Every structure is written in C-alpha cells, then in structure tokens.
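Chain by chain, the residues run as shown.
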Amino acid sequence: MGNFLAGKAVAVTGAGRGIGRAVALACAAEGAGVVVNDHGVSVDGAEPASEVAQAVAAEIEAAGGEAVAVADDISAMAGGQRVVDTALARFGRLDGAVCVAGILRERMLFNMTEDEWDPVVATHLKGTFTVFRAASAVMRKQGSGTLVGFTSGNHQGSVAQANYAAAKGGVISLVRSAALGLHKYGVTANAVAPVARTRMSANVPMELKEIGEPEDVAALVVYLLSERARAEGITGQVYTIAGPKIAVWAQPRELRAAYADGTWTPERIADFLPGTVGTDPMPMLARLDAMARAAASGDRPNR
Ligand SMILES: NC(=O)c1ccc[n+]([C@@H]2O[C@H](COP(=O)([O-])OP(=O)(O)OC[C@H]3O[C@@H](n4cnc5c(N)ncnc54)[C@H](O)[C@@H]3O)[C@@H](O)[C@H]2O)c1
C-alpha cells in the first residue's frame, strides 16, 4: 500500500468491473476512502444488479481499505448527486471524482435507433455531467479537488459507434470546460483515453495493437488525483495509456488560416480554399481498410 492519496476521498463510477474496479482498488491501496459506484449492467446497459458495486467495496474493506457502495444509475441527476452525497456522509469530503461508467450499443449510423443513441450518450456524457456537477459544487467550496473523465481514442470518430464517439468527444469538451471554469477554485480536470483488456474492449471491432491492463490505467488515474499532478498544474489534458505507452493528445487549435479581400462567396471559396487552408488529413480515414480487415479476421484482444 502506498500513500499517494492518503487522507483523500475519491468517488469512482463504473467501479464494479474492468477499469473502474482497478481504479477503485488502486485508490484505496494508495490510502483514499472510496465511493464505489456501479449500476451493475451488461455491456449494452441492461439488467442492473446492485451486488456488483457491493462486491468491490467488500474487496477493498477485506484488504484493509475504506469503501462504500452506491448502485445508482449515474445517467440520472439523482444518481450523480447520491455518489457525491455518499462521499460527504462517509468521509466528510470529496477530493476526486472519476467517471468511468460506460456502455456500448454498436450500429451503423444509417441503422441507429433512438434507443441505441440516447442511453449511450446519457451514460457517458450526461453520466459525467451529473457527477461533475455535484462534485464541482463541493470542490469549489473546499478550494481543491480533481475531476477525471473517461474518453476514448474513438472520439476521433468511429465507423459503427457514432453514439459512443459523439459522447466521448463531448466528455473531452466537458472536461476542458471544467478545467477552465474551476481553475480559480483550485480544481483540476483531465480526461483519460484508455486501452485495456476488459469485457468492453473484447467487443471492439477494430485493430488494437497497443493494449494493456486496467491496472495500468488505474496507475495514471491515481497520479492525476495526487498532489504530485496537482503541483505540476496538470489540467485540461487528455492522456492515453495503453500498456507500456503513455501519450498526451493535442489541444484543438486552428491549423491554417487565410483571409479574404472583401466578402466570401461560394465561388471565391471554391477557388481559394483548396490551395490555401486546404484540409487536415484524417488519420482514421487512412486506416479504414486495415480496421475492416482486422474486424473481419476476428483480430481482437483476448479477454
Ligand atoms: N477498455 C478499453 O480498452 C476502453 C477503451 C476506450 C474507452 N474505454 C472507456 O473506459 C471506461 C471503462 O470501460 P471498461 O472497459 O472498464 O468497461 P466495463 O464494461 O468493464 O465496465 C463498465 C462499468 O460501468 C458500469 N455502468 C454502466 N452504466 C452505468 C450507469 N449508468 N451507472 C453506473 N454504472 C454504470 C457497468 O455496470 C460496468 O461495471 C468506459 O467509459 C469506456 O468507454 C475503455
């Protein structure tokens, strides 16, 4: 047991399985009291079960740590609030809120139903908002705290998961907004785009050459929650951790600009744009064939 998070209280959503579970266990092992939230659903978000959160809380306590389980659905405002209220009731403070909960409903855009779009966006994007909303109110008063959102490399776009990709892009903008809006209150906010062997990644139909374990991701989250990261002023960042690789994503910025003499017309833009501002080639577009081949050959992570 280390002491990276000694005396802190951390809430983790989706902490019953996969990456969230590893994050909860690692936070407890580093000295934090942990709120273990998990609605206990299947990969597509069905069949909730409260035992999933309870089992991880019990595992932490059995190892000598402190934990409390919350089985609520964080896509509802009341669920996010309960996660935060539980931290206050049990630990009297909240230093970290880590939003890991997620589901998948894969479908090509032209076939996607409202029932495939809404729950995915609600779990990832609104589910990060509900917890960030409640946690940030507490952290603002405390004058300290760290928010961590979970995104994906798929925020760049996805062939068959437009719902998931859109939600994960939204999580990044939400994290950056939190970093900006809470900076003056001593609160940091960052996003993690992991690649780790879980039941969810076993279903991802794409090439995953670089993949690691949930424990690798947990180590990064512990660091981001720690005073070491806060002292470095790390906020508004997106990090990927994939086995031995750790990477920071670029901030969005204008790449090239050109200016008109007078007003724009479609004709002037057609003459002007290709040779001046041009395009920024889309890396994933160049990998479409390779991804399709990998999906067709069943080249997927083995867990
Ligand atoms: N595993 C990867 O390689 C990978 C890659 C990119 C992004 N991610 C992201 O990392 C996060 C964790 O993924 P994982 O692979 O550990 O998945 P997982 O399926 O193993 O775990 C997700 C957990 O979230 C819980 N959950 C789902 N909806 C919930 C809700 N409404 N309220 C509370 N809990 C809920 C589930 O019950 C489950 O235990 C997700 O946000 C996922 O999108 C994972």
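Preceding block: the structure.
Since we're looking at a predicted model, the values are computed, not measured.

Engineer: Please clarify how the overall build of the protein chain should be interpreted in this entry.
Structural biologist: Within the protein chain one finds ten helices and eight strands. Computed over its C-alpha atoms, the radius of gyration of the protein chain comes to 20 Å, within 12% of the 19 Å expected for a compact globule of 303 residues. Each principal axis of the C-alpha atoms in the protein chain carries an extent, and together these give about 70 × 50 × 35 Å. Per-residue burial over the protein chain gives 47% buried out of 303 residues. Here the contacts in the protein chain between residues at least 6 apart in sequence split such that 70% fall between residues at least 24 apart. In the form shown here, the protein chain has an accessible surface area of approximately 14,700 Å², with 55% of it arising from carbon and sulfur atoms. The protein chain carries 28 positive and 31 negative side-chain charges, and their two centres are separated by 4 Å.

Engineer: I'm lost on the packing of aromatic side chains in this one. Help?
Structural biologist: Tallying each qualifying case throughout the model produces one aromatic pair. Aromatic pair W264 and F272: ring centres 5.3 Å apart, planes at 55 degrees, arrangement tilted.

Engineer: In this structure, what is going on with the nonpolar core? I would like to understand it.
Structural biologist: Where a protein is soluble and globular, its nonpolar side chains tend to be buried together. If you look at the biggest cluster of nonpolar residues, it comprises 36 residues, and the most contacted ones within it are V12, C27, V34, V36, V98, F150 and V192. Among all residues touching V34, those that are not within four sequence positions of it are V10, V12, A24, C27, A28, I60, E66, A67, V68 and F91. In terms of nonpolar packing, the next biggest core, distinct from the first, is built from 32 residues, A9, F132, L174 and A191 among them.

Engineer: Hey, could you run me through the pairing of strand β5 (residues 145–150) in this one?
Structural biologist: Moving residue by residue along a regular strand, the side chains alternate between the two faces of the sheet. Counting buried positions along β5 gives six out of six residues, so the element sits mostly inside the fold. Alternating positions in β5 separate into two faces, G145, L147 and G149 on one and T146, V148 and F150 on the other, with burial throughout. In terms of strand pairing, strand β4 (residues 96–99) meets β5 through four bridges, oriented parallel. Residue pairing for β5: C99 is matched across the bridge by G149. Chirality of the crossover, the property in question, places the unit of β4, helix α4 (residues 114–142) and β5 among those that are right-handed.

Engineer: How should the environment of A9 be read in this particular structure?
Structural biologist: On the secondary structure map, A9 appears in strand β1 (residues 9–13). Separated by 40 residues in sequence, A9 and A49 place their C-alpha atoms 25 Å apart. Those residues within four positions of A9 in sequence are excluded, and the remaining contacts are G33, F91, R93, L94, D95 and G96.

Engineer: Would you mind showing me how to read the site of the ligand here?
Structural biologist: Around the ligand, the surrounding shell holds 30 residues, and the nearest of these are I19, D38, D73, Y164 and T198. I74 places a main-chain nitrogen or oxygen 3.2 Å from a nitrogen atom of the ligand. Measuring from an oxygen atom of the ligand, one finds a backbone N or O atom of A196 at 2.9 Å. Elements with a contribution of two residues or more to the shell around the ligand: α1 (18–29), α4 and α5 (162–182). Considering only residue class, the shell around the ligand consists of twelve nonpolar, twelve polar and six charged.

Engineer: Would you mind going over the sheet that holds strand β2 (residues 33–37) with me for this structure?
Structural biologist: Sheets are built from strands paired through backbone hydrogen bonds, the pairs being either parallel or antiparallel. Across the sheet, eight strands lie side by side as β3-β2-β1-β4-β5-β6-β7-β8; this open sheet has mixed pairing. With partners counted over all chains shown, the strands left at the sheet margins are β3 (66–70) and β8 (245–248), one partner each. Strand after strand, the sheet turns through a mean of 20 degrees between neighbouring axes, direction not considered. Relative to strand β6 (residues 187–194), β5 runs parallel, the two sharing six bridges. Bridge pairing in β6 places G145 opposite V187. In the packing of helix α3 (residues 77–91) onto the sheet, contacts are made with β1, β2 and β3, and the angle to β3 comes to roughly 150 degrees.

Rules and cut-offs
- Residues numbered from 1 in each chain as written.
- Predicted model: local features only at pLDDT ≥ 70, side-chain atom pairs only at ≥ 80, totals over all residues.
- Heavy atoms only, no water.
- Helix = DSSP H or I, 4+ residues; strand = E, 2+ residues; numbered from the N terminus.
- Rg over C-alpha atoms; globule rule 2.2 N^0.38 Å.
- Buried < 20%, exposed > 50% of the residue type's maximum accessible area, 1.4 Å probe, protein only.
- Contact = heavy atoms within 4.5 Å.
- Areas by Shrake-Rupley, 256 points an atom, 1.4 Å probe, with all protein chains shown as cover.
- Lys, Arg positive; Asp, Glu negative; His and termini not counted.
- Charge placed at Lys NZ, Arg CZ, Asp CG, Glu CD.
- Phe/Tyr/Trp six-rings, centres within 6.5 Å; stacked < 30°, edge-to-face > 60°.
- Core = buried A, V, L, I, M, F, W, Y, C linked by side-chain atoms within 4.5 Å.
- Pairing = 2+ DSSP bridges.
- Right-handed = clockwise from strand over helix to strand, strands pointing away.
- Near = heavy atom within 4 Å.
- Polar contact = N/O pair within 3.5 Å; in protein donor to acceptor, adjacent residues only side chain to side chain.
- Nonpolar A, V, L, I, M, F, W, Y, C, P; charged D, E, K, R; others polar.
- Axes fitted to C-alpha atoms, helices over the stretch in contact; angles between N-to-C directions.

Take it as geometry only, folks, not as evidence of what the structure does.
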